[in-house]
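Observations on chain architecture
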Amino acid sequence: MEIKTIKALLDACYQAKRIRDLLPALPQGVTPSYIHYLDTIESLEEQGTRVKVSDISDALNLPRPGVTRTVKEMQAKGYLCKQTSPEDGRITYISVTQAGKQLSKRYNEQYFSRLAPLLSDISQEDAACTIRTIERFYEVMSKGGITVE
């Protein structure tokens, strides 16, 4: 990849961060990560997974301590509940409460369903390519090892 293209890709990543900042305001005490966690948990459950902190951590590529902290916050606010495995008391499963489902549904219906038609000129293939490119770029950059002398 040419240096000029790498710089343009970094600029696009900056714009992507700014796009996230344009998401609509959430209810008091709710962070964007809550919506992301709810989506992830619901997606994993749809695949038949009994969700644990490690599953969320792996799916979002986030460190477990941070996921544990956010899950505790969300549980305290009534969006998630935890159940200890009856087979193995060391395992705790996480599920979305009715309040969590309502929050997720409201946000998806009121925002993403309205945004989808405005982005209809972007093909699924183009979106998938963008996602793969950003994921690969993140993978390379997160490994570090590049220094300037």
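Here we summarise the structure given alongside this text. (Residues numbered from 1 in each chain as written. Predicted model: local features only at pLDDT ≥ 70, side-chain atom pairs only at ≥ 80, totals over all residues. Heavy atoms only, no water.)

Let us look at the overall build of the protein chain. Summing up its helical and strand segments, the protein chain has six helices and two strands in all. If you list the helices and strands of the protein chain from N to C, you get α-α-α-α-β-β-α-α. Each principal axis of the C-alpha distribution contributes one length, and for the protein chain these read about 55 × 40 × 30 Å. Within the protein chain, buried positions represent 23% of all 149 residues. Excluding contacts between residues fewer than 6 apart, the proportion of contacts in the protein chain whose partners are at least 24 apart in sequence is 51%. A total of about 11000 Å² of accessible surface is found on the protein chain, and carbon and sulfur atoms cover 55% of it. (Helix = DSSP H or I, 4+ residues; strand = E, 2+ residues; numbered from the N terminus. Buried < 20%, exposed > 50% of the residue type's maximum accessible area, 1.4 Å probe, protein only. Contact = heavy atoms within 4.5 Å. Areas by Shrake-Rupley, 256 points an atom, 1.4 Å probe, with all protein chains shown as cover.)

Turning our eyes to something else, we now look at helix α3 (residues 53–60). Taken as a whole, α3 has its buried residues at Val-53, Asp-55, Ile-56, Ser-57 and Leu-60. Where α3 is buried, its residues contact α2 (32–46), α4 (64–76) and β2 (92–96). Just downstream of α3, Asn-61 is the residue with a positive phi angle, here 55 degrees.

A few words on the pattern of salt bridges. Applying the stated criterion across every chain, the model contains six salt bridges. Between Lys-52 and Asp-55 there is a salt bridge; the shortest N-O distance is 3.6 Å. With relative accessibility at 27%, the residue Lys-52 sits in the partly exposed group. The closest approach of N and O atoms between Asp-88 and Arg-90, which form a salt bridge, is 2.8 Å. (Salt bridge = Lys/Arg side-chain N within 4 Å of Asp/Glu carboxyl O.)

We now examine the nonpolar core. Ranked by internal contacts, the top residues of the largest apolar core, which has 21 residues, are Tyr-37, Ile-41, Ile-56, Val-71, Met-74, Leu-80 and Ile-94. Of all elements in the fold, only α2, α3, α4, β2 and α5 (98–115) reach the threshold of two or more residues within this core. Ignoring anything within four residues of it in the chain, the contact list for Met-74 reads Tyr-34, Tyr-37, Leu-38, Tyr-79 and Leu-80. (Core = buried A, V, L, I, M, F, W, Y, C linked by side-chain atoms within 4.5 Å.)

Contact pair α2 / α4: the axes reach a minimum separation of 11 Å and the direction vectors enclose 95 degrees. Between α2 and α4, the angle is such that the two are roughly perpendicular. Here Ser-33, Tyr-34, Tyr-37 and Leu-38 of α2 lie close against α4, whose contacting residues are Gly-66, Val-67, Thr-70, Val-71, Glu-73 and Met-74. (Axes fitted to C-alpha atoms, helices over the stretch in contact; angles between N-to-C directions. Parallel < 35°, antiparallel > 145°, perpendicular 65-115°, else oblique.)

A few words now on the side chain of Ser-95. As for its placement among the helices and strands, Ser-95 is situated in strand β2. In this structure, Ser-95 is in contact with Glu-45, Tyr-79, Leu-80, Cys-81 and Gln-83, ignoring residues within four places of it in sequence.

A few words on the packing of aromatic side chains. The description of an aromatic ring pair uses the distance of the two centres, along with the angle that the planes make with each other. Throughout the structure, instances matching the rule amount to four aromatic pairs. Look at Tyr-111 and Phe-112: their rings are 5.3 Å apart centre to centre, the planes differ by 75 degrees, and that puts the pair in the edge-to-face class. A relative accessible area of 22% places Tyr-111 in the partly exposed class. Classification of Phe-112 by relative accessible area gives partly exposed; the value is 34%. Chaining the aromatic ring pairs together yields one cluster made of Tyr-107, Tyr-111 and Phe-112. Its end group placed over the ring of Tyr-93, Arg-50 keeps NZ or CZ at 3.9 Å from the ring centre. (Phe/Tyr/Trp six-rings, centres within 6.5 Å; stacked < 30°, edge-to-face > 60°. Lys NZ or Arg CZ within 6 Å of the ring centre and 35° of its normal.)

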